[in-house]
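Remarks on the overall topology
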Amino acid sequence: MHHFRTLLWHELRTAFFTWSNWAAAALFLTLVGAIHWFAILECSRAPQPWTPVEATFRLFWLPLLCVLPLLTMRSFAEERRQGTLSALLTTTASTAAIVWAKFISAWITWVVFWLAFLPFPLLTEARLAIPSDTRLGDPATLWGGLCFIMVSGLLHVAIGILCSCLTRSATLAALLTFITLLGLTAAGGAIESLPIESWTWLGWLREPAAHLRTFGHLEDFASGILDSRPLILYITGTFLCLGLSVIAVEGKE
Amino acid sequence: MAESSPQPKAAVAAESLTKRYGNLVAIEDLTFSVAPGEIVGFLGPNGAGKSTTMRILSGTMAGTSGRASIWGESVALNPTAAKRHMAYMPENNPLPEDLKVEEYLSLRARLKDVESKQVADRVRKVMEDCDLVRRASGRLIGQLSKGFRQRVGIADALLAKPKVVILDEPTIGLDPHQILGIRDLIRSLRGEMAVLISSHILHEVEQVCDKVVIINRGRLVAQGKTEDLRRELLPDSVFHILSRASLNEISAVCLQNEKLSLVEKIGEIEGGWCRYQVTMPSQSPARETLAGSLIQAGLPLREIAEQHCGLEDIFIAATRRSPQERNRA
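What you see is a predicted model, and the numbers here were worked out from it, not measured in a lab.

Rules of the game
Residues numbered from 1 in each chain as written. Chains lettered and ligands numbered in written order. Predicted model: local features only at pLDDT ≥ 70, side-chain atom pairs only at ≥ 80, totals over all residues. Helix = DSSP H or I, 4+ residues; strand = E, 2+ residues; numbered from the N terminus. Buried ≥ 20, exposed ≤ 12 C-beta atoms within 10 Å, placed from the backbone. Contact = placed C-beta atoms within 7 Å. Nonpolar A, V, L, I, M, F, W, Y, C, P; charged D, E, K, R; others polar. pLDDT = per-residue confidence, 0-100. Axes fitted to C-alpha atoms, helices over the stretch in contact; angles between N-to-C directions. Parallel < 35°, antiparallel > 145°, perpendicular 65-115°, else oblique. Pairing = 2+ DSSP bridges. Expected span 1.5 Å × (residues − 1).

**Comments concerning the overall build of chain B**
If you tally the helices and strands in chain B, you get 13 helices and 14 strands. Along the three orthogonal principal directions, the C-alpha set of chain B runs to about 75 × 45 × 35 Å. The buried share of chain B, taken over its 329 residues, is 42%. Expressed as a percentage of contacts within chain B between residues at least 6 apart in sequence, the contacts between residues at least 24 apart total 70%.

This is the structure in structure tokens:
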């Protein structure tokens, strides 16, 4: 991991000054703000079984699919198209350091986007809530949801980085990321809605399927349950994607 | 920065280097070397495999077989050590558009293991050497002209004082003033760094390089000093004569001096003046007496000149012959 810190600092600086990241941030806040706004409106009309914060987090897949590909698509595809990646590889920086620096930078940006959402529920609560009334959102749900975003974000961002390593086109990288994330999230949602428990012939699927229940993980985190299985799933998935990214970068150059 | 390690015999060594893409052979059995402090021109027609060879030497591409080493370190087995001794400027010199020149060079200096305390000094020094201080230092790279971008690329290559600099077409797209500047800069590296430079401007290479390596269709066809290659590849001297004498008269004098002379009439201009071409072995003593003999014979002579065979002629002769012929030679 030679030169990791130098590369990370450079990537963070570049991320801050890249206009497309600011555009992505604007899109993200508009999207999440709108979801939160409509959730509050729904709650104000009639009592709902969920709070606005819960509703916002349950729709996390929307910004995930629309915004995250924009953050990761340029990381390798654009550098490869410009030829700057091969110039970078002539230095003593290791490929692993380059991949990890880009990954951590994109992950930090993704987490910062979600942290920028925090003022929405906090301000709403400050303006509208009555003390000890949790109808607008339980703080535990808020922080649990953020923890889920941070942990699952590791795998989601790593998938984006891997997709960007596979092509020279940033657009194609975004499309690949979108499809993979859609598959992952939909698979989790679909498995969750299937009555696997009642199908005896699918009994073998019960255990592995339990690991892929993305929305179940979100609920666990939001209710303060710290299950080690999703943690292991997201962390091993992240290492797998980043390992493949290193191989892809070395192989393609 | 490049560590002070014992000086090896060859700063750059390619031994039986081969690169295949499926059935396509990009380079095959390429063997050459560059001595420390030497400037070597790496020549070949388009598609000959120059850039592929340079990329393998720089460690950005793996060869199929053979061995490439930089300052004694194997590029494949010990890439970090090899890269520490080497700087590579690829063809088209890719640079990030959204960084300022100084920022970019500072980042590259850190990535090239220049000590933190020395980064600012080294950046300033290479910017001065490459004439970037006044007109480019604070500007975004994306706003620079082609000439300044090339200078940034060369400044980057010199940052860590490497033992070996590999430059792929460093003067491509530059105007004559800029070419002169880059040429002087490369010349100033002689003795300090080994430079392997590929260029299509043969005059340029002839002016700057101590030695040339010529490849064609991925194979080595010639290598050595220009003078040695001239003797090897162009064994005949060619004279151009402008005279009113007949072909027989000229031939008689030439054959008297050198039995292997070949005289051809190549054109006629006004007033009965004709152009002749005389070819004879370049080792023949008749080269020095030919003009005197023609005058002594009383032949009307207006002009006699020996054709200068430049690197261009050597290049054409070398790339025309097959690798088999080269092996026989």
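Now that the structure has been shown, the text picks up again.
**Re the interface of chain A and chain B**
Contacts between chain A and chain B engage 15 residues on the former and 20 residues on the latter. Residue contributions to the side of chain A that touches chain B peak at four residues, all from helix α6 (residues 84–89) of chain A. Looking at side-chain class alone, the side of chain A that touches chain B contains four nonpolar, 10 polar and one charged residues.

**Some points on the confidence of the model for chain B**
Residues and elements named next belong to chain B. Summarising the model, chain B shows a mean pLDDT of 86, and 96% of its residues fall at 70 or more. Per-element confidence in chain B ranges from a low mean pLDDT of 54 for helix α13 (residues 323–328) to a high of 94 for strand β4 (residues 65–70). Note on the complex model: pTM 0.80, ipTM 0.80.

**A word on the packing of helix α2 (residues 19–45) of chain A against helix α4 (residues 61–72) of chain A**
All names here are of chain A. At a minimum axis distance of 9 Å, the contact between α2 and α4 shows a crossing angle of 175 degrees. Considering the angle they form, α2 stands roughly antiparallel to α4. Facing α2, whose interface residues are Ser20, Asn21, Ala24, Leu27, Phe28, Leu31, Val32 and Ile35, α4 presents Leu62, Pro63, Cys66, Val67, Leu70 and Leu71.

**Quick word on the sheet that holds strand β14 (residues 301–306) of chain B**
Residues and elements named next belong to chain B. Read across the open sheet, the four strands follow the order β12-β13-β11-β14; overall the sheet is antiparallel. With one partner strand each, in any of the chains shown, β12 (262–268) and β14 form the two edges of the open sheet. Strand after strand, the sheet turns through a mean of 20 degrees between neighbouring axes, direction not considered. In this sheet, strand β13 (residues 274–281) lies alongside β12 in antiparallel orientation, the contact comprising six bridges. Counted as the bridge partner of glutamate 264 is glutamine 277 from β13. Relative to β12, helix α10 (residues 247–257) is tilted by about 150 degrees, and along the sheet it contacts β11 (236–243), β12 and β13. Across the sheet, helix α11 (residues 286–296) lies against β11, β13 and β14, angled at about 175 degrees from β14, the strand it touches most.

**A closer look at the environment of lysine 225 of chain B**
Residue and element names in this part refer to chain B. Counting through the fold element by element, lysine 225 comes out in the loop between β10 (219–224) and α9 (226–233). According to the C-beta neighbour criterion, lysine 225 is exposed, with 12 such atoms within 10 Å. Taking the C-alpha atoms as reference points, lysine 225 and valine 40, separated by 185 residues in sequence, lie 9.3 Å from one another. Contacts of lysine 225, omitting those with residues within four sequence positions, involve Asp210 and Lys211.

**Structural notes on the sheet that holds strand β8 (residues 194–198) of chain B**
Residues and elements named next belong to chain B. The strand order across the open sheet built from six strands is β6-β7-β8-β3-β9-β10, with neighbouring strands paired in mixed fashion. One side of each edge strand has no neighbouring strand; the edge strands of this open sheet are β6 (86–89) and β10. With strand direction ignored, the average angle separating the axes of adjacent strands in the sheet is 15 degrees. Strand direction decides the pairing type here: β6 and strand β7 (residues 164–168), joined by four bridges, are parallel. Within β7, the residue paired with tyrosine 88 across the bridge is isoleucine 166. Running over the sheet, helix α1 (residues 50–58) touches β3 (39–43), β6, β7, β8 and β9 (211–216) and is turned about 150 degrees from β7.

**Observations regarding unusual backbone geometry**
Residue and element names in this part refer to chain B. A positive phi angle is found at aspartate 131, which is not glycine, with a value near 55 degrees. Within the fold, aspartate 131 resides in the loop between α4 (116–129) and α5 (133–136). With 16 C-beta atoms packed within 10 Å, aspartate 131 lands in the partly exposed category. The phi dihedral of lysine 161 is positive, around 45 degrees, even though this residue is not glycine. Mapped onto the elements of the fold, lysine 161 is located in the loop between α6 (146–158) and β7. Take lysine 161: there are 15 C-beta atoms within 10 Å of it, and that puts it in the partly exposed class.

**Observations regarding α2 of chain A**
Think of an α-helix as 3.6 residues a turn; residues three or four steps apart then line up on the same face. Residue and element names in this part refer to chain A. Here α2 is 27 residues long and its end C-alpha atoms lie 39 Å apart, about the 39 Å a rise of 1.5 Å per residue gives. What α2 keeps buried is the set Ala24, Phe28, Val32, Ile35, His36, Ala39 and Ile40. Contacts from the buried residues of α2 go to α3 (52–58), α4, α7 (95–117) and α8 (119–128).

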